[in-house]
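Chain by chain, the residues run as shown.
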Amino acid sequence: MTSIAVPEHPWLLPGALAGAVSPEAPRGARRTTRDWAVDTLAFLLSLLWVLFVTADALSPDPSMATPLPHDWLTGADALLGLTCCGLLWLRRRWPLGLLVATTPLTMFSMASAIPLVILYFTVVVHRRTAIAVAVTGVGLLTNMVMSWLRPDPHMAYWVTASWGVVITFAVLAWGMFVRARRQLIVSLRERAERAEAEQQLRVAQARHLERTRIAREMHDVLAHRISLLSLHAGALEFRPDAPADEVARAAGVIRGSAHAALQDLREVIGVLRAEAGGDEAPEPPQPTLADLPALIAESRSAGVRVNVSDTVAEAEKVPAALGRAAYRIVQEGLTNARKHAAGAAVTVDVAGGPGDGLTVAIGNRWPVGAPATGTLPGAGTGLVGISERVTLAGGRLAYGRDDSGDFRLAAWLPWPA
């Protein structure tokens with residue numbers, strides 16, 4: 001199964017995304033290589049702005065804003081700008097706190113303008129929209145004060161204030177776009193991870209259901225084989241003086257049934273142990289309705305009296321799944337008869353056709369007296385498995401004593417026309 005693609009260069013992602021989309025990135029990392037490059041560029045840009053504004057304020061004809069009345073105030077403004085430049089290195093850890101602490105500077109410090117705009121952009125990107133809107137409102141008020149305290153010598157007050165509003169909303173829109181894009185990336189990543197996890201869960205569930213089905217098949221097959229073994233072994237125990245040819249024939253049946261049971265068990269355990277994605281051996285051909293005569297003959301060879309009535313129309317057109325279900329039902333009925341009604345005659349009726357459905361009924365006389373001491377133990381899950389098989393096929397199943405007191409197992413399976 002293909003896993004979610006990992007970014008080829010996670011160091012090019014922001015630190016807020018690197019840990020979310022790349023499992024190789026450390027979760028506690030504050031900055032990626034990309035973050036260091038962006039922070040360095042922001043620091044240099046802010047530093048150049050401080051130097052430019054300070055030089056412009058000390059010039060005979062300043063062009064940025066009305067100069068301060070004293071040179072030491074210009075130096076103090078430059079020092080505040082340099083301080084804000086240094087605070088940019090801490091903006092990823094405490095963006096909102098730094099912006100709140102430096103907001104009063106936006107009312108008079110021209111040198112701090114660019115660093116404060118970067119701090120404002122960081123808050124918009126990394127904090128909720130409500131917080132971004134709140135700091136925007138405060139910024140618009142301080143912008144009005146700044147335009148009044150230090151007006152531009154070449155523009156009217158309202159023009160300067162309007163430019164401040166335009167810049168503020170532009171930074172707000174850019175920051176919200178970046179935030180929305182990052183949230184979209186994280187959301188898509190989470191959806192992809194969730195889809196992959198759900199797909200793995202579905203595969204695991206399918207594998208579990210398949211192995212459960214194989215285990216039930218093992219119960220049906222082995223119960224049939226072992227009941228034959230018990231029947232022949234009981235005959236040898238009951239008649240130790242039987243002719244040599246009968247003893248040899250019974251021993252041959254026991255040996256063949258034991259070999260077949262061991263082979264079935266080996267195949268089932270091999271499938272159950274197979275790892276997902278490995279080279280598994282193909283499953284043996286599954287029985288169909290055409291294999292019923294061989295099943296009946298096997299039981300008759302073990303001494304069970306079986307009377308068969310087969311009136312299936314167009315038996316060659318029986319679907320494979322339907323035929324396999326009918327075979328398992330007859331197999332379970334014969335196994336139960338050998339277990340619980342040894343020596344009783346068994347009747348097997350199979351009838352139906354396309355559009356009418358397939359009816360399978362197995363009956364035997366109810367045993368009289370206490371059960372034999374050699375009765376085979378059972379887990380009691382054979383009829384439960386058959387019931388589930390019939391239910392999944394959309395059919396009906398009934399079993400128990402009928403009006404005449406005999407035990408009857410009857411199933412009806414849908415057979416589309």
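Novice: Is there a simple way to explain the side chain of Ser147 in this structure?
Specialist: For Ser147, the location among the structural elements is in helix 6 (residues 129–149). A residue is classified by how much of its surface remains accessible, and Ser147, at 4% relative accessible area, is buried. Ignoring any residue separated from it by four or fewer positions in sequence, one finds Ser147 in contact with Tyr157, Thr160 and Ala161.

Novice: Would you explain unusual backbone geometry in this entry?
Specialist: Comment: phi is negative for the bulk of residues other than glycine, and the bulk of peptide bonds are trans. Located in the positive-phi region is Glu314, a residue other than glycine, with phi close to 55°. Mapped onto the secondary structure, Glu314 falls in the loop between strand 1 (306–312) and helix 10 (320–340).

Novice: Teacher, can you tell me more about helix 5 (residues 113–126) here?
Specialist: Because an α-helix completes one turn every 3.6 residues, residues spaced three or four positions apart along the sequence face the same direction. Under the 1.5 Å per step criterion, the end-to-end length of helix 5 is 20 Å for 14 residues, consistent within 8% with the ideal 20 Å. Of all 14 residues making up helix 5, 10 are buried, and the element is well covered by its neighbours. Those residues of helix 5 lying buried are Pro115, Leu116, Ile118, Leu119, Tyr120, Phe121, Thr122, Val123, Val124 and Val125.

Novice: Quick question: what am I supposed to make of the environment of Ala393 here?
Specialist: In this structure, Ala393 sits in the loop between helix 11 (382–392) and strand 4 (396–401). Each C-alpha atom, one on Ala393 and one on Trp412, is 9.8 Å from the other, the two residues being 19 residues apart in sequence. Beyond its immediate stretch of four places on either side in the chain, Ala393 contacts Leu413 and Pro414.

Novice: Whenever I open this one, the sheet that holds strand 4 confuses me. Can you help?
Specialist: Neighbouring strands of a sheet are bound in pairs by backbone hydrogen bonds; such pairs are parallel or else antiparallel. The mixed open sheet is built from five strands, whose spatial order is 1-2-3-5-4. Both edges of this open sheet fall to strand 1 and strand 4, since each of them pairs with a single strand only. On average, adjacent strands in this sheet sit at an angle of 5° to one another, irrespective of strand direction. Bridge count between strand 3 (residues 357–364) and strand 5 (residues 407–413): seven bridges; the pairing is antiparallel. Its bridge partner being in strand 5, Ile362 is matched across the sheet by Leu409.

Novice: What should I look at first to understand the pairing of strand 5 in this one?
Specialist: Sheet faces and side chains relate simply in a regular strand, where the side chains alternate between the two faces. A one-sided burial pattern is seen for strand 5, the buried positions being Phe407, Leu409, Ala411 and Leu413 and the unburied ones Arg408, Ala410 and Trp412. Linking strand 4 back to strand 5 in an antiparallel pair, the connection comprises five residues, with Gly405 at a positive phi of about 90°.

Novice: Sorry, what's going on with the nonpolar core here?
Specialist: A general trend in soluble globular proteins is that nonpolar side chains are found buried together. Residues Ile329, Val330, Leu334, Val348, Leu358 and Ile362 are the most contacted members of the largest nonpolar core, which totals 30 residues. Only helix 9 (292–301), strand 1, helix 10, strand 2 (346–353), strand 3, helix 11 and strand 5 provide two or more residues apiece to this core. The element contributing the most residues to this core is helix 10, with eight residues. Setting aside its immediate chain neighbours within four residues, Ile329 contacts Val360, Ile362, Ile386, Val390, Leu409, Ala411 and Leu413. One finds Leu116, Val125, Ile131 and Val171 within the second-largest nonpolar core, a separate group that totals 20 residues.

Novice: How do you make sense of the packing of aromatic side chains when you look at a structure like this?
Specialist: The description of an aromatic ring pair uses the distance of the two centres, along with the angle that the planes make with each other. For the coordinates displayed, the defined rule picks out six aromatic pairs. Relative to Trp89, the ring of Trp36 has its centre 6.1 Å away and its plane inclined at 40°; by these criteria the two rings are tilted. One end of the pair, Trp36, is in helix 2 (residues 33–58); the other, Trp89, is in the loop between helix 3 (71–87) and helix 4 (95–102), and 53 residues separate them in sequence. Trp36 gets classed as partly exposed once you look at its relative accessible area, which sits at 45%. Judged by centre distance (6.3 Å) and plane angle (40°), the ring pair of Trp366 and Phe407 falls under tilted. Of this pair, Trp366 sits in the loop between strand 3 and helix 11 while Phe407 sits in strand 5, and the two are 41 residues apart along the sequence. Among the residues examined, Phe407 registers a relative accessible area of 18% and is labelled buried. Among the aromatic side chains, those forming a connected cluster through ring pairs are Trp36, Phe43 and Trp89. The side chain of Arg93 reaches across the aromatic face of Trp94, ending 5.4 Å from its centre. Residue placement shows Arg401 over the ring face of Trp366; its charged tip is 4.4 Å from the ring centre.

The rules behind these values
- Residues numbered from 1 in each chain as written.
- Predicted model: local features only at pLDDT ≥ 70, side-chain atom pairs only at ≥ 80, totals over all residues.
- Heavy atoms only, no water.
- Helix = DSSP H or I, 4+ residues; strand = E, 2+ residues; numbered from the N terminus.
- Buried < 20%, exposed > 50% of the residue type's maximum accessible area, 1.4 Å probe, protein only.
- Contact = heavy atoms within 4.5 Å.
- Expected span 1.5 Å × (residues − 1).
- Pairing = 2+ DSSP bridges.
- Axes fitted to C-alpha atoms, helices over the stretch in contact; angles between N-to-C directions.
- Core = buried A, V, L, I, M, F, W, Y, C linked by side-chain atoms within 4.5 Å.
- Phe/Tyr/Trp six-rings, centres within 6.5 Å; stacked < 30°, edge-to-face > 60°.
- Lys NZ or Arg CZ within 6 Å of the ring centre and 35° of its normal.

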